[in-house]
Amino acid sequence: MIKNAINAKNLIESLVNGNFIDSSNSKKIRNHIDSDRPEKDFSFSQNIFLSIGVFILSICSYAYLTTIISNLNWIFMLFGVFYIILALILSKRSRDASKNLKNKSLMQTSVLIMCLGKILFVFGCSVKFTELAGVDSVLFLTFLPWVPALVLLGTTVITYNTYGLNIDRFYSSLFVLNTMLIAAITIRSPGIINIYLCSLFLIEIALSAILILPRIAKNYHPLGYASLFSLCITVFYISTFSAVFSSEPVQRAIILKFSVLILTSVLIGLIVWVAGNKKNIKTQPGIIALVFAVLIGAISTPGITLSICLLIVGFKQSNKNIYYLGIILMPIFLSFYYYNLNTTLMIKSGILIASGLILLAGRTYIIAKKLDQE
Amino acid sequence: MAQKNVADTNSETFLESVAVDNDLIEDLFKHKLISDAARIYALNLISQSKNWGAWASRLLLIIGTTLILSGIICFFAFNWVKISPFMKLTSIQVALFGCISGSYFYGLQHSLGKMLLLSASVLIGVFLAVFGQIYQTGADAYTLFMMWAALMLPFVLISEFAAQWALWIVVCNIFLATYLPQIIMHQGEPLTYLALFNGIFWGLREYFSEKGLSWLQSRWTRYMLISAVLSCIMLPAYAFIDRIDFSILLQIFGLPQTRWILTKPTYFSLLSFILSIVIHSIFYVRYRFKLPDMHALAITAFSFCIVLELILYQIISTFIASGSLTMLIQSVITFLLFVFLFYMLRDTKRNNGGQA
């Protein structure tokens, strides 16, 4: 689906032909792109083997250690810190120019140890908090769900730039945002849940924008991806988890409408961004795209709007991760939408066929206007 | 000189595989490899290369078609009880006839013709299932798959389409998996026979692929068959290992006794285990030395690791009572085993000229 005629070789040739660079610069660019090539010596199969070996070793070591220390709750925090520091040391030692087996193993081991360290530390802090607050106290019941989120947020902030591995940045940020989402379930007041979810929703959208804003350091892209994934999970939660709101349909409607409104605004913004300038927006395809965006917002769910946004961003940026995420989510949210329609199967089949025919009519229009030709 | 040419070619090939996006352009600008004017030019270049109209057209086609098909399925699902048996069978037969006609019209050289023939093969199974539902004859489960495989066979033979063969082999596997335990054997390992069955097709695939049949050149057919053979033989091999009483090893240190006493395994499971070793050896020799293929070798090595792990676990847990210490020692051995396999794959890759 993402067929981009421009590859690195084409780009360099275009720049040379356009007199933007000379031949010596072109060689430097080639070397620079080539230097970013993933490890030349390790194939995919080799990486899989190494990863499995390291994973089994780490999990078994962890299992062995926890059987020894399981009776000492406070030591979880200590071991958590120890693992985190050990991971930092291993990571620094493995950052060698040579990509050999030893460095590769050290790097992978450090990632797993960091992950285990953070889990132990968060778990240890939660257990310690329980001991200090007392199991039946109001303090415990109110704040326990937030302890993992806040502790993980703290460790993520500390290790984000010091540890510096993108996979750790991604997973840590993802878990921070998702633990905050899970904590929302424990809020008893539906009104406060709404305010909280709306705020979390806006934060996730704002952080996801890192991926499309220019001049943002690449270090923060894992945070952007984590926010994007969390946004998908939040939208999924808002769209499907009705048990919390089953007695408060008005509150549910508020959060749904809010999310649809924000995502429709984002979709309109993306269409304007793709168009590039006012002149392109005022053309017939531009106006139809905007009308389509408003209609989608009016009749569909936040999930469908989000999927369309992901497809547009992924295609525009030639970003396969975002594009395929949109492709995966689209049928899921479409299925939820039609499944939750409160009508008989007969009427649903009619709506499905009618929707399909409308989309095919749209395609016919594009072909008739020759908009699909370069 | 030859090595330099290979390196240059690899570099050019790599550059062709790198898709240019905003990130790459910004990265080049950040490292002062291109000017601001070049950056703007490059950004416009990638923006223009995107045909939004074609993209939207494809997307609307896929989603629109999917919605229509889903609607049709919902319609049938809703009215299934109300539809008469005659209508049910007739509609499937009409669809089947339509697919066969379409395949004939487009021809088997065209991919659409092949897809229609594949769809016809699927509809044969649907027809038999609906037929069985309407006329409750009390037949065994295997008869449906047996008839499906038999009726599909002419299509498979003329199709020259790997996916069609894959479907047929899957149906045959299901037939055998349901047939063998019921009719031929009341004990023993049907999976061993399945491994042999899939092994035959693996052999045929390799033979005809070497002869030059173009539609068999796709490697996924090799990997699918290797995975099928190895996964079928793994359970019988494990059944044999599980039945060996390794505690006899303790007596080796206490008493001058050197032979193992196999307390429970049957001769059939012993044969299955030997067959498992033979199969792994054949795949290893072929894909390491004769026809180097990293992925096939990796699948074989991974399967071998699992079998070896099971044996090692049985031995270690015999000697050591503590579960956690067993796990630790097992993990160290596992790690070493995987590192050894890592090096073996690296050597194969080098011998293969760096290609997978």
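Conventions and cut-offs
- Residues numbered from 1 in each chain as written.
- Chains lettered and ligands numbered in written order.
- Predicted model: local features only at pLDDT ≥ 70, side-chain atom pairs only at ≥ 80, totals over all residues.
- Heavy atoms only, no water.
- Helix = DSSP H or I, 4+ residues; strand = E, 2+ residues; numbered from the N terminus.
- Buried < 20%, exposed > 50% of the residue type's maximum accessible area, 1.4 Å probe, protein only.
- Areas by Shrake-Rupley, 256 points an atom, 1.4 Å probe, with all protein chains shown as cover.
- Contact = heavy atoms within 4.5 Å.
- Phe/Tyr/Trp six-rings, centres within 6.5 Å; stacked < 30°, edge-to-face > 60°.
- Lys NZ or Arg CZ within 6 Å of the ring centre and 35° of its normal.
- Expected span 1.5 Å × (residues − 1).
- Patch = residues over 30% accessible without salt bridge, like charges linked within 9 Å, V, L, I, M, F, W, Y side chains within 5 Å.
- Salt bridge = Lys/Arg side-chain N within 4 Å of Asp/Glu carboxyl O.
- Core = buried A, V, L, I, M, F, W, Y, C linked by side-chain atoms within 4.5 Å.
- Axes fitted to C-alpha atoms, helices over the stretch in contact; angles between N-to-C directions.
- Parallel < 35°, antiparallel > 145°, perpendicular 65-115°, else oblique.
- Left-handed = near helix turned anticlockwise from the far one by under 90°.
- Nonpolar A, V, L, I, M, F, W, Y, C, P; charged D, E, K, R; others polar.

1. Let's talk about the overall build of chain B
Of regular secondary structure, chain B possesses 14 helices and zero strands. Tracing chain B from N to C terminus, the helices and strands come up as α-α-α-α-α-α-α-α-α-α-α-α-α-α. Across the 356 residues of chain B, 42% fall into the buried class. Looking at chain B as shown, the accessible area adds up to about 19,300 Å², and 69% of this sits on carbon and sulfur atoms.

2. Side note on the overall build of chain A
The helix and strand tally for chain A stands at 16 helices and zero strands. Looking at chain A as a whole, 45% of its 374 residues qualify as buried. For chain A, contacts bridging at least 24 residues in sequence account for 64% of all contacts bridging at least 6. Carbon and sulfur atoms make up 69% of the accessible area of chain A, which totals about 19,300 Å².

3. Brief notes about the packing of aromatic side chains
Within this structure, the stated rule accounts for 35 aromatic pairs over all chains. Both rings, one in W202 of chain B and one in F283 of chain B, keep their centres 4.8 Å apart while their planes meet at 70°; by these two values the pair is edge-to-face. Of this pair, W202 of chain B sits in helix α9 (residues 190–211) while F283 of chain B sits in helix α12 (residues 267–290), and the two are 81 residues apart along the sequence. Summarising the burial analysis for this pair, W202 of chain B and F283 of chain B share the class buried. An aromatic cluster is present here, built from F315, Y323 and Y324 of chain A together with W52 and W55 of chain B joined pairwise through their rings. We note R169 of chain A situated over the ring of Y160 of chain A; from NZ or CZ to the ring centre the distance is 4.9 Å. A cation sits over an aromatic face here: K348 of chain A above Y339 of chain A, 5.5 Å from the ring centre.

4. Some remarks on helix α2 (residues 23–35) of chain A
For α2 of chain A, spanning 13 residues, the distance from its first C-alpha to its last is 18 Å, which sits close to the expected 18 Å at 1.5 Å a residue. The set of residues buried in α2 of chain A consists of S26, I29, H32, I33 and D34 of chain A.

5. Structural notes on a nonpolar patch on the surface
Together, M346 and I347 of chain A together with L69, I72, F75 and F76 of chain B give the surface a local cluster of nonpolar side chains, amounting to about 500 Å² of exposed area. Put simply, the parts of the chain that give the nonpolar patch at least two residues each are α16 (345–368) of chain A together with α4 (52–79) of chain B. Of the residues forming the nonpolar patch, the biggest block, four residues, is contributed by α4 of chain B. Here L69 of chain B lies in helix α4.

6. Observations concerning the nonpolar core
Ranked by internal contacts, the top residues of the largest apolar core, which has 70 residues, are F201 and L310 of chain A. Here this core takes nine residues from helix α14 (residues 302–317) of chain A, the largest share from any one element. In contact with F201 of chain A, other than residues within four places in its own chain, are L231, T234, V235, I238, F258, S259, I262 and L263 of chain A. Among the nonpolar cores identified, the runner-up in size contains 55 residues, and I92, I124, I233 and L345 of chain B belong to it.

7. Overview of the environment of V291 of chain A
Residues and elements named next belong to chain A. Topologically, V291 is positioned in helix α13 (residues 284–299). Residue V291 is classed as partly exposed on the basis of its relative accessible area of 46%. In this structure, the C-alpha to C-alpha distance between V291 and I268, residues 23 residues apart in sequence, is 9.2 Å.

8. Re the side chain of S276 of chain B
Note on placement: S276 of chain B falls in helix α12. According to the relative accessible area criterion, S276 of chain B is buried, its value standing at 2%.

9. Let's talk about the side chain of S103 of chain B
Residues and elements named next belong to chain B. Assignment of secondary structure puts S103 in helix α5 (residues 85–106). Classification of S103 by relative accessible area gives buried; the value is 5%. With residues up to four places along the chain from it excluded, the contact list for S103 reads L108, G113, L116 and L117.

10. Quick notes on the packing of helix α10 (residues 221–240) of chain A against α14 of chain A
Residues and elements named next belong to chain A. Where α10 meets α14, the axes come as close as 9 Å, and the angle between the chain directions of the two elements is 160°. Classified by the angle between their axes, α10 and α14 sit roughly antiparallel to one another. Note that α10 runs across α14; the crossing there is left-handed. Along the contact surface, α10 presents L228, L231, C232, V235 and S239, while α14 presents P302, G303, L306 and L310. Looking at the contact of α10 with α14, its residues break down into seven nonpolar, two polar and no charged.

11. Notes on the environment of M115 of chain B
By secondary structure assignment, the location of M115 of chain B is in helix α6 (residues 111–134). Between the C-alpha atoms of M115 of chain B and C99 of chain B, which are 16 residues apart in sequence, the distance is 8.8 Å.

12. Some remarks on unusual backbone geometry
Even without being glycine, N19 of chain A reaches a positive phi, approximately 60°. Relative to the assigned elements, N19 of chain A resides in the loop between α1 (8–17) and α2. Not every positive phi belongs to a glycine, and K32 of chain B is a case in point at roughly 60°. Here K32 of chain B is to be found in the loop between α2 (22–30) and α3 (36–48).

13. Focus on helix α4 (residues 75–94) of chain A
With 20 residues, α4 of chain A should reach 28 Å at 1.5 Å per residue; the first-to-last C-alpha distance of 28 Å fits that figure. Buried within α4 of chain A we find I75, F76, F79, G80, Y83, I84, A87, L90, S91 and S94 of chain A.

14. Considering the pattern of salt bridges
Oppositely charged side chains can pair when the atoms bearing their charge come close. Residues and elements named next belong to chain B. Evaluation of the coordinates by the stated rule reveals eight salt bridges over all chains. The partner of R222 in a salt bridge is E206, and the shortest N-O contact between them spans 3.0 Å. Residue R222 is located in helix α10 (residues 219–243), and its partner E206 is located in helix α9; the two are separated by 16 residues in the primary sequence. Look at E206 and you get buried, because its relative accessible area is 5%. In this structure, R219 and D293 form a salt bridge, with 3.6 Å as the shortest nitrogen-oxygen distance. Residue R219 is found in helix α10, and its partner D293 is found in the loop between α12 and α13 (294–319); the two are separated by 74 residues along the sequence. Classification of R219 by relative accessible area gives partly exposed; the value is 39%. For D293, a relative accessible area of 0% translates into the label buried. One salt-bridge network, in which partners are shared between bridges, spans R205, E206, E210, R219, R222, R286 and D293.

15. Quick notes on the packing of α9 of chain B against α10 of chain B
Residues and elements named next belong to chain B. The geometry of α9 relative to α10 is characterised by a closest axis approach of 8 Å and an angle of 160° between their N-to-C directions. Considering the angle they form, α9 stands roughly antiparallel to α10. Once α9 is placed against α10, the crossing between them reads as left-handed. Here L191, T192, L194, A195, N198, G199, F201, W202, R205 and E206 of α9 lie close against α10, whose contacting residues are R219, T221, R222, L225, I226, A228, V229, C232, I233, L235 and P236. Here the residues of the contact of α9 with α10 sort into 13 nonpolar, four polar and four charged.

16. Topic: the environment of I306 of chain B
Residues and elements named next belong to chain B. In this fold, I306 is placed in helix α13. I306 sits in the partly exposed class, given a relative accessible area of 29%. The sequence separation of I306 and T334 amounts to 28 residues, and the corresponding C-alpha distance is 9.7 Å.

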